[in-house]
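# What the coordinates show
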Amino acid sequence: MTRDDLFNINANIVKGLVEAVADNCPDAFIHVISNPVNSTVPIAAEILKQKGVYDPKKLFGVTTLDVVRANTFVAQKKNLRLIDVDVPVVGGHAGITILPLLSKTKPSTTFTDEEVQELTVRIQNARTEVVEAKAGAGSATLSMAYAAARFVESSLRAIHGDADVYECTYVESNLTELPFFASRVKLGRNGVEALISFDLKGLTEYEQKALEALKPELKASIEKGIAYAKKETVTA
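Everything in this summary refers to the structure shown in the same document. (Residues numbered from 1 in each chain as written. Predicted model: local features only at pLDDT ≥ 70, side-chain atom pairs only at ≥ 80, totals over all residues. Heavy atoms only, no water.)

## Some details on unusual backbone geometry
Here the residue pair Asn35 and Pro36 is connected by a cis peptide bond, since its omega of -5 degrees sits within 30 degrees of zero. Here the residue pair Lys106 and Pro107 is connected by a cis peptide bond, since its omega of 0 degrees sits within 30 degrees of zero. The topology assignment puts Pro107 in the loop between β4 (98-100) and α4 (113-124). Residue Asn79 is not a glycine yet carries a positive backbone phi of 55 degrees. (Helix = DSSP H or I, 4+ residues; strand = E, 2+ residues; numbered from the N terminus.)

Below you can see the structure in the form of structure tokens.
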């Protein structure tokens, strides 16, 4: 399936679920993992606004899978222990909108230009890699389930008072000119406590160009989601 196929199916599902959340548990953290996340999170935001219960600090697009893949591929490439590796991934959750900031890898790691390009493309296209490996028999269900579990566990830790919880996630943001953007955030009892702008400072030339290149595509996906939600409301 293409992401357009997914949009046509999942947009209505997300709309219905978020309407139910708004009516029954409006203070809940909402984790949107249904693709295309770049569009379904804006849909969710519009529905919550229409219901009068939108809290941008409690609406998350789950992009943890991109971080998990980035960490895994870097650990393999550089012979590091996976548990030690942390690569922030910003932008969105599809194709070129996925931007791993390899220059910000912890522990501090040096990459050649060729390694940066190779790893970036592999992280962006990992979904296709999995589909091809399964020869049409499925998609990245297990790694997606792990990513979802990790993000939900992080949210629960924050809700219960852990003051040191950071995850990359796609949220309403003022870090760029786009209304939604994935970045590292600090999670707290009430959701997003802070957007971490540090990761976007001092980017390499490659990363800066990639950041600018992803913006038009991400902008279009956001606008598509907002337009869908508004159209559905008018139709109803």
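After that view, the rundown keeps rolling.
## A short note on the side chain of Lys15
Here Lys15 shows up in helix α1 (residues 3-24). If near-sequence neighbours (up to four positions away) are discounted, Lys15 is found in contact with Ile47, Tyr228 and Glu232. (Contact = heavy atoms within 4.5 Å.)

## Some points on the packing of helix α3 (residues 64-78) against helix α6 (residues 141-159)
In contact at an axis separation of 8 Å, α3 and α6 are set at 110 degrees when each is read in the N-to-C sense. Between α3 and α6, the angle is such that the two are roughly perpendicular. The element α3 and its partner α6 pack so that their crossing is right-handed. On the side of α3, the interface is formed by Thr64, Leu65, Val67, Val68, Arg69 and Asn71, while α6 contributes Ser143, Met144, Tyr146, Ala147, Arg150 and Phe151. (Axes fitted to C-alpha atoms, helices over the stretch in contact; angles between N-to-C directions. Parallel < 35°, antiparallel > 145°, perpendicular 65-115°, else oblique. Left-handed = near helix turned anticlockwise from the far one by under 90°.)

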